[in-house]
Amino acid sequence: MPRISVNVDGTAFTDEVEPRLLLVHYLRDRLGKTGTNIGCDTSNCGACTVVMDGLSVKSCTVLAVQADGSDVTTIEGLADDGRWHPLQKAFHTEHALQCGYCTPGMIMASVGLLADNPDPSDEEVREGLEGNLCRCTGYQNIVKAVRTAAAEMHEGATR
Amino acid sequence: MTDVAERSEANVGRVLHRKEDAKLVTGQSTWTDDIQLPGMLHIGVLRSPMAHARLARVDVAPALEQPGVVAAYSGADLADEWVMGLPCAWPVTEDMVAPDHWPVATDEVRFAGDTVAVVVARDRFSAADALEHVDVDYEPLEPVVDMEEALRDEVLVHSEHGTNKCFVWPLETGDVDAAFSGADVVVKRRYIQQRLIPNAIEPRAVVVDPTTASGEYTLYSATQVPHFVRIQMALVLGIPEHRLRVVAPDVGGGFGSKLNVYAEEAIALAVARRLGRPVKWTETRSENYQATIHGRDQIQDIEIAASSDGVLRGLRIDLKADMGAYLQLLTPGIPLLGAFMYCGIYKMDAYSFTCTGVFTDKTPTDAYRGAGRPEATFAIERIMDDLAAELGVDPMELRRRNWIQHSEFPYDTVAGLTYDTGNYEAATDRAMELFGYDELRAEQARRRESGDRVQLGIGISTYTEMCGLAPSRVLGSLRYGAGGWEAATVRLLPTGKVEVVTGISPHGQGHETGFSQIAADALGVDFDDVDILHGDTRVAPTGLDTYGSRSLAVGGVAVHKAAERLIDKMRRFAAHELEAAEDDIEFDRGTFRVRGDPDSSTTIQDLSLSVFTAHDLPEGVDPSTAAEYVFDPENFSFPHGTHLCAVEVDTDTGAVHVRNYTCVDDCGTIVNPQLVEGQIHGGITQGMAQALWEEAIYDELGNLTTGTIVDYYVPGAPDVPHFTTDTTQTPATTNPLGVKGVGEAGTIASTPAVVNAVLDAVRHLGVDDIRMPCSPERVWRAVHDAGQQTGQDLSDDTAGGRL
Ligand code: FES
Ligand code: FES
């Protein structure tokens, strides 16, 4: 079995994995990182989104072996020393989650989105989150939350 | 100790950010599939690829030889695990046909996805792999997929019953024949409610932790209804109810799809009992499309009678409702929830409703957000537009002429309900103003005039719904198998913190927040000092769970009542401690005072500690600081609202663009405006999805051709417009909080608003019907066909004219 070394949420792991093991199953079943969810079997829902080497990816579309040598951030590693990331705060204050099942993926996809485009319009947020499905919120408050977080991050950066 | 000044502001009515969110935005929630137990095994379920077949042979032996496999069972192997089949708790008529529904099929499979065998392995992948090695001989039988064909009884889903007709359920009030024969105008239509797939983003999952030595079981399930599951599973498996604990951990949405009792819950319990090991089953999304209930799937034949001035006389509904292959928990009752809603907010003389339940070889249907009421609302709101077109009056004007005036409440409707309160005028006026109704009508006229390629349509839905399910006596009269009450316990802890136990089982709605607001106000304690406990039959043994927009209107009221009862109880302790008569004790915002003696007071927190020590109690009073209340509502509640939708329809391509969606909802007293807004947004989106995008399609062989989330279009962020929402608050008069419920309103309202808008855009071109979902192809065909019929060239500026 191939051996991989991955840094997940700041901790280095070295493991032997089956070649067919998906990154999302590696995270959930092997590392116990159950903050990352699975919502589909066709790579459509985005519930499993994590950030890998700075880019948001659906972790059900990546094999664990492909993550060898990578740096992976999941929702569990997003807060900085217990201080919530602006996206986590904004999802909370703007009521951008209901059941919260899509939320880890939605937030991690938004991390990627804002890295690409720090000041997106409503339309750009909607397009940017196209690959993430939410059945509860109707998306409006998610759009609002991402823009609120963007503003806060912008403020933080220019302060 | 809480400062009185700090909590002087009421919590109810304010935006307080959700208590639920912290674990959800940090990945610390516990979904059922997250649960790992020592020695846990994984279950895979083999599902029939055929819609109808006899199982000539099911041989699990080859699967047993696969790596990691611990056990494998056919339906026959597990048959002695069941005391009874999976239950239907709503036998709607005395003579309803209720076929056996075993958790694993033994002789025949009746829909693609029916369970055939079970494999148990050390991990989920080995279980999935081994399923392919179960050897099954399917002898194909003819399937019946179409409801009307099924009603001919030529091909039977359950041959032993000799018919595909499950039940016929009639309701008639007033002189219907007179209403129709005396009418100037009668409009008759057939509307098709396509089948929908609920798609909660968390798939279902089940974990069972057995202690076989003592016969105790803990069942974790991604369910909306742990209490229902406990009772029904106790019956199906013969486990004494007190030995079965059911836990709904964090649950990722339900929308009715988790308001059920499923085969996999029974299978997991049976396997755990056999093997004495913890087991888990987790659904894949594609499996969910076959194994979790579907919604809607009805044919509505509707006729409305009116006088020439547009005053409604009567309404006739002949409804056919697809049950699918078996009856799940509430399957036959769902269309009947619509029986009382077809008249909507309108007055009329007579009403007749007949529903025929029909078996087909498809996945069973059951509650999907709104459950019977969206279908009814769609039909009445659409036919109001069709009637307006027939009469040549503005559709809002027609509604105004017929709706129940604010001054007429309480009002007994033609369908036999009493609407306690409402203000359709206020909600409509506000919605029309926000929407810019007159300006949009003017633009529409301009576009029609100029024969613009892009036409504008305006859709209206002035809906009401019955929610707060439900008065137990009414449920009894409808032959429902349970009551509609809800329980709450409010408990003061020695340090003055508060635990509220509710029988409601939230899965995204924010009840922990809303109920905390209610309890905090009733007890005069801090919002943060209240915790809401739920979703575990050992913690909250009494309850009837979450569905039918009942949680606040029944469960929230129970919390309020239990808190009041606790205050009454504490008043006796206060009187004793303050050495005053009980009647002289006043309670205000957390403090007990002796009337007329402002210095003589104690806080509820101090009192809780002194009762806990029990050193000095009034004679004959036990030192309890908890109170329970079981609230059985006297009536349903009736939220209402006005939803307005403007769409642009490209007549060349059939593409529909939602340009403006504005609504004003009245859900009574609002506990937390942010939660209300969230429910409305999500609800509208699901209803709009039925109007424009979603449809579960079966081919004639009974294959679900929209079998994955790739083929079934769940809308994403770019599809959905920005909504403009507002509220009016006309408090319900049938409960002390004045609340009505809001969980389903958006879904019930939005489907007809959107479809009416699409039709309004092209009605002048000769189109009077487009089936849902109004895809570009369907819209284009409708416009194209109408153009051919009337000989109009669509590019011709002179085309059109009101029909
Ligand atoms: S689980 Fe990865 S996209 Fe759905
Ligand atoms: S919050 Fe439930 S799926 Fe998004």
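About the cut-offs
Residues numbered from 1 in each chain as written. Chains lettered and ligands numbered in written order. Predicted model: local features only at pLDDT ≥ 70, side-chain atom pairs only at ≥ 80, totals over all residues. Heavy atoms only, no water. Helix = DSSP H or I, 4+ residues; strand = E, 2+ residues; numbered from the N terminus. Rg over C-alpha atoms; globule rule 2.2 N^0.38 Å. Buried < 20%, exposed > 50% of the residue type's maximum accessible area, 1.4 Å probe, protein only. Contact = heavy atoms within 4.5 Å. Areas by Shrake-Rupley, 256 points an atom, 1.4 Å probe, with all protein chains shown as cover. Salt bridge = Lys/Arg side-chain N within 4 Å of Asp/Glu carboxyl O. Domains from an automatic or database assignment. Buried area = accessible area lost by both parts, 1.4 Å probe. Polar contact = N/O pair within 3.5 Å; in protein donor to acceptor, adjacent residues only side chain to side chain. 1 Å grid on protein atoms, 1.4 Å probe; cavity = no way out; pocket = protein on both sides within 12 Å on 5 of 7 lines; lining within 4 Å. Points joined across faces, edges and corners; volume = space filled by probe spheres on them. Pairing = 2+ DSSP bridges. Axes fitted to C-alpha atoms, helices over the stretch in contact; angles between N-to-C directions. Patch = residues over 30% accessible without salt bridge, like charges linked within 9 Å, V, L, I, M, F, W, Y side chains within 5 Å. Lys, Arg positive; Asp, Glu negative; His and termini not counted. Charge placed at Lys NZ, Arg CZ, Asp CG, Glu CD. Expected span 1.5 Å × (residues − 1). Arc of directions from axis to C-beta. Phe/Tyr/Trp six-rings, centres within 6.5 Å; stacked < 30°, edge-to-face > 60°. Lys NZ or Arg CZ within 6 Å of the ring centre and 35° of its normal. Nonpolar A, V, L, I, M, F, W, Y, C, P; charged D, E, K, R; others polar. pLDDT = per-residue confidence, 0-100.

Observations regarding the overall build of chain B
Here is step 1: When helices and strands are tallied, chain B shows 21 helices and 28 strands.
Here is step 2: For 803 residues, the compact-globule formula gives about 28 Å, and the C-alpha radius of gyration of chain B, at 28 Å, lands near that figure.
Here is step 3: Along the longest, intermediate and shortest principal axes, the C-alpha atoms of chain B span 95 × 75 × 50 Å.
Here is step 4: Here chain B holds 803 residues, and 65% of them are scored as buried.
Here is step 5: The contacts of chain B with a sequence gap of at least 6 include a subset with a gap of at least 24, amounting to 80%.
Here is step 6: Here chain B displays about 26700 Å² of accessible surface, and carbon together with sulfur accounts for 47% of that area.

Overview of the overall build of chain A
Here is step 1: Summing up its helical and strand segments, chain A has five helices and five strands in all.
Here is step 2: Start at the N end of chain A and walk to the C end: the helices and strands fall as β-β-α-β-β-β-α-α-α-α.
Here is step 3: C-alpha extents for chain A along the principal axes are approximately 45 × 35 × 25 Å.
Here is step 4: By residue count, 56% of the 159 residues in chain A fall in the buried class.

Let's talk about the pattern of salt bridges
If charged atoms from side chains of opposite charge come close, those side chains can pair.
Here is step 1: Using the criterion set out here, one finds 76 salt bridges over all chains in the structure.
Here is step 2: Between B:K258 and B:E202 there is a salt bridge; the shortest N-O distance is 3.0 Å. With a gap of 56 residues between them, B:K258 in the loop between β11 (244–247) and α8 (263–275) and B:E202 in the loop between β8 (185–196) and β9 (205–211) connect regions that are remote in the sequence.
Here is step 3: Residue B:R430 pairs with B:D726 through a salt bridge whose shortest N-O separation is 2.7 Å. Taken as a pair, B:R430 in helix α13 (residues 424–435) and B:D726 in strand β28 (residues 723–727) lie far apart in primary sequence, 296 residues in all.
Here is step 4: B:D726 gets classed as partly exposed once you look at its relative accessible area, which sits at 23%.
Here is step 5: The network of salt bridges with shared partners includes A:R28, A:D29, B:D33, B:D34, B:R124 and B:K280.

A short note on the domain arrangement of chain A
Residue and element names in this part refer to chain A.
Here is step 1: Assigned domains of chain A: these are domain 1 (3–76) and domain 2 (86–158).
Here is step 2: Taking the mean C-alpha position of each, domain 1 and domain 2 sit 21 Å from one another.
Here is step 3: Listed per partner, the contact involves 16 residues of domain 1 and 13 residues of domain 2.
Here is step 4: Between domain 1 and domain 2, a total of about 1100 Å² is buried, with carbon and sulfur atoms accounting for 59% of that surface.
Here is step 5: Considering only the surface of domain 1 that becomes buried against domain 2, N37, T49 and I75 emerge as the three largest contributors, covering 39% of it.
Here is step 6: Counting across the domain 1 and domain 2 interface gives zero salt bridges.
Here is step 7: Linking domain 1 with domain 2 are seven residue pairs in polar contact (both at pLDDT 80 or more).
Here is step 8: Only β3 (49–52) and β4 (55–58) provide two or more residues apiece to the side of domain 1 that touches domain 2.

What about empty space enclosed by the protein?
Residue and element names in this part refer to chain B.
Here is step 1: Counted by the stated rule, this structure contains nine cavities of 30 Å³ or more.
Here is step 2: Of the pockets and cavities examined, the largest cavity occupies roughly 720 Å³.
Here is step 3: Surrounding the largest cavity, 49 residues form its lining, Q509, S549, R550, S551 and G743 being those nearest its centre.
Here is step 4: Elements with a minimum of two residues in the lining of the largest cavity: α10 (334–337), α16 (511–523), α17 (551–578) and α19 (673–692).

Notes on the sheet that holds strand β7 (residues 165–173) of chain B
All names here are of chain B.
Here is step 1: Pairing is mixed in the open sheet, where five strands are placed in the order β7-β15-β14-β13-β8. For this open sheet the edge positions go to β7 and β8, each flanked by a neighbour on one side alone. Adjacent strand axes in the sheet meet at a mean angle of 10° when their direction is disregarded.
Here is step 2: Across ten bridges, the pairing between strand β14 (residues 312–324) and strand β15 (residues 350–359) is parallel. Within β15, the position partnered with D322 by the bridge is V358.

Description of the side chain of B:R550
All names here are of chain B.
Here is step 1: When you line up the elements, R550 lands in the loop between β21 (530–533) and α17.
Here is step 2: In terms of polar contacts, R550 uses its side chain to reach the backbone carbonyl oxygen of G484, at 2.8 Å.
Here is step 3: The contact partners of R550, leaving out residues within four places of it in the chain, are G468, L469, G484, W485, E486, I504, L544, D545 and G555.

Here we look at a negative patch on the surface
Here is step 1: A cluster of acidic residues, A:D119, A:E123, A:E124, A:E127 and A:E130, forms a negative patch on the protein surface.
Here is step 2: Relative to the elements of secondary structure, A:E123 occurs in helix α4 (residues 122–128).

Here we look at helix α14 (residues 437–450) of chain B
Residues and elements named next belong to chain B.
Here is step 1: Taking 1.5 Å as the rise per residue, α14 with 14 residues should run 20 Å; its terminal C-alpha atoms sit 20 Å apart, in good agreement.
Here is step 2: Among all positions of α14, only Y437, L440, R441, E443, Q444, R447 and R448 are buried. Projected onto a plane normal to the axis of α14, the buried residues spread over an arc of 160° and lie on a single side. Facing away from the buried side of α14, by more than 90 degrees, are the exposed residues D438, E439, R446 and E449.

Brief notes about the interface of chain B and chain A
Here is step 1: Chain B puts 53 residues into the contact, and the matching count from chain A is 44 residues.
Here is step 2: Here chain B meets chain A over a buried area of about 4200 Å², counting both sides, of which 55% is carbon and sulfur.
Here is step 3: For the pair chain B and chain A, the number of links is five salt bridges.
Here is step 4: Between B:D129 and A:R20 there is a salt bridge, with its nearest N and O atoms 3.0 Å apart.
Here is step 5: Those elements that place two or more of their residues in the side of chain B that touches chain A are α1 (21–25), α4 (124–131), α9 (285–291) and α19 of chain B.

Regarding the packing of aromatic side chains
Residues and elements named next belong to chain B.
Here is step 1: Within the structure shown, the criterion is met by 15 aromatic pairs over all chains.
Here is step 2: Judged by centre distance (4.9 Å) and plane angle (80°), the ring pair of W90 and Y480 falls under edge-to-face. One end of the pair, W90, is in the loop between α3 (75–78) and β4 (108–109); the other, Y480, is in the loop between α15 (472–477) and β19 (486–492), and 390 residues separate them in sequence.
Here is step 3: Taking the centre distance of 4.6 Å and the plane angle of 40° together, the rings of Y419 and F638 count as tilted. Within this pair, whereas Y419 is found in strand β17 (residues 418–419), its partner F638 is found in the loop between β25 (626–631) and β26 (640–650), the two being separated by 219 residues in sequence. The burial state of Y419 is the same as that of F638; both residues are buried.
Here is step 4: Within the aromatic cluster, the residues linked to one another by ring pairs are W169, F340, Y342 and F353.
Here is step 5: Of note, R204 hangs over the ring of Y262, and the distance from its end group to the ring centre comes to 3.5 Å.

Some details on unusual backbone geometry
For residues other than glycine, phi is negative in most cases, and the peptide bonds are mostly trans.
Here is step 1: Cis geometry marks the peptide bond from B:L469 to B:A470, where omega comes out at -5°.
Here is step 2: Locating B:A470 in the fold gives a position in the loop between β18 (454–464) and α15.
Here is step 3: Cis geometry marks the peptide bond from B:M772 to B:P773, where omega comes out at -10°.
Here is step 4: Along the chain, B:P773 turns up in the loop between α20 (745–762) and α21 (776–789).
Here is step 5: Unlike most non-glycine residues, A:D9 shows phi in positive territory, near 50°.
Here is step 6: Relative to the elements of secondary structure, A:D9 occurs in the loop between β1 (3–8) and β2 (11–16).
Here is step 7: A relative accessible area of 19% means that A:D9 is categorised as buried.

Examining the domain arrangement of chain B
Residue and element names in this part refer to chain B.
Here is step 1: Under the domain assignment, chain B is made up of domain 1 (2–28 + 485–631), domain 2 (32–141 + 203–251 + 258–291) and domain 3 (295–469 + 635–791).
Here is step 2: The C-alpha-based centres of domain 1 and domain 2 are spaced at 40 Å.
Here is step 3: With 17 residues of domain 1 at the interface, the matching set in domain 2 holds 16 residues.
Here is step 4: Carbon and sulfur atoms supply 47% of the area buried between domain 1 and domain 2, which totals about 1400 Å² over both sides.
Here is step 5: Where K23 meets D250, a salt bridge forms, and the shortest distance between an N and an O atom there is 2.7 Å.
Here is step 6: Taken together, the connections running from domain 1 to domain 2 amount to eight residue pairs in polar contact (both at pLDDT 80 or more).
Here is step 7: Residues of the side of domain 1 that touches domain 2, tallied by class, amount to four nonpolar, nine polar and four charged.

Regarding the confidence of the model for chain B
Residue and element names in this part refer to chain B.
Here is step 1: Within chain B, residue pLDDT values average 96, and 97% of them lie at 70 or more.
Here is step 2: In this model residues 1–7 is a low-confidence stretch, pLDDT under 50, and it forms 15 contacts with partners more than four residues away in sequence or in other chains.
Here is step 3: Note that pLDDT drops below 50 for residues 793–803; the model gives that stretch 18 contacts with residues more than four away or on any other chain.
Here is step 4: Taken together, the chains of this predicted complex give a pTM of 0.96 and an interface ipTM of 0.98.

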